[in-house]
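Structural characterization, general
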Amino acid sequence: MQTIDMANTPLRDLNATLQAQAEATNQTAWEIVNPKGSHAIAVGLDAEIEVTVKGSTGYYCGGMNKLATINVHGSVGPGVAENMMSGTVIIDGDASQYAGATGHGGTLIIKGNASSRCGISMKGIDIIVHGNVGHMSAFMAQSGNLVVCGDAGDALGDSIYEARLFVRGSVKSLGADCIEKDMRPEHIALLTDLLERGGCDAKPEEFKRYGSARQLYNFNIDNAY
């Protein structure tokens, strides 16, 4: 395992080293120590490497991730895994606002709670939260899956498109055009896989599904003037 100590390695050098692994490498395991809440740690990775961050981070950790597995042994600031394409990002603690924003693919696992706007404008990413999510989560979510093992705050799924939302606990309120939907066998099967992937101690039958009523983003002649 390669260890990078941020106490004496600048952030730019750290990211350049990790990004360089995209050109083929046998150095597949990396450990980052003393992150000290630094922003933009391990961004833009494009290789099947494993990166362990020993401590909490600031903004945009794991942003634009592709292929890599990033595990943060701590909590993260706003925008973790923002615009993620593939791979896996695992947060052992809590995540601040807009976790997984605009993510196109891959899996984001948050073992604590996530703040407001979790999954905003998600475009195919799977987000699995062991705890609660804050208000306006999955706002304008286009596709992908958001799994919440705890409770959801106000305006869940506001202006949602075709993402699927699964919540085990209570929902304070639903946003515009978001409604509760039936849990059919295919959704149980999908959720079973997601819970397994996220290492969640929960049963799919305990969840409710929410999604778009398809009234907001579809043209209706009655609304034309």
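In short, a report on the structure. (Residues numbered from 1 in each chain as written. Predicted model: local features only at pLDDT ≥ 70, side-chain atom pairs only at ≥ 80, totals over all residues. Heavy atoms only, no water.)

The next subject is the pattern of salt bridges. With the rule as written, the count across this model stands at seven salt bridges. For the salt bridge of Glu-206 with Arg-168, the shortest nitrogen-to-oxygen distance reads 2.9 Å. Here Glu-206, found in the loop between α2 (185–198) and β11 (208–212), pairs with Arg-168, found in the loop between β9 (164–167) and β10 (178–181); they are 38 residues apart in sequence, far enough to count as distant. Linked by salt bridges that have partners in common, Asp-126, Asp-193 and Arg-197 make up one network. (Salt bridge = Lys/Arg side-chain N within 4 Å of Asp/Glu carboxyl O. Helix = DSSP H or I, 4+ residues; strand = E, 2+ residues; numbered from the N terminus.)

With four of its five residues buried, strand β2 (residues 29–33) lies for the most part within the structure. Of the pairings in the sheet, the one linking strand β1 (residues 2–5) to β2 comprises four bridges and is parallel in character. From the neighbouring strand, Ile-4 faces β2, where its bridge partner is Ile-32. Once the chain exits β1 it traverses helix α1 (residues 11–19) before rejoining the sheet at β2, and the crossover so formed is right-handed. Taken together, the five bridges between β2 and strand β3 (residues 50–54) define a ladder with parallel strand orientation. By the bridge assignment for β3, Trp-30 is matched with Val-51. (Buried < 20%, exposed > 50% of the residue type's maximum accessible area, 1.4 Å probe, protein only. Pairing = 2+ DSSP bridges. Right-handed = clockwise from strand over helix to strand, strands pointing away.)

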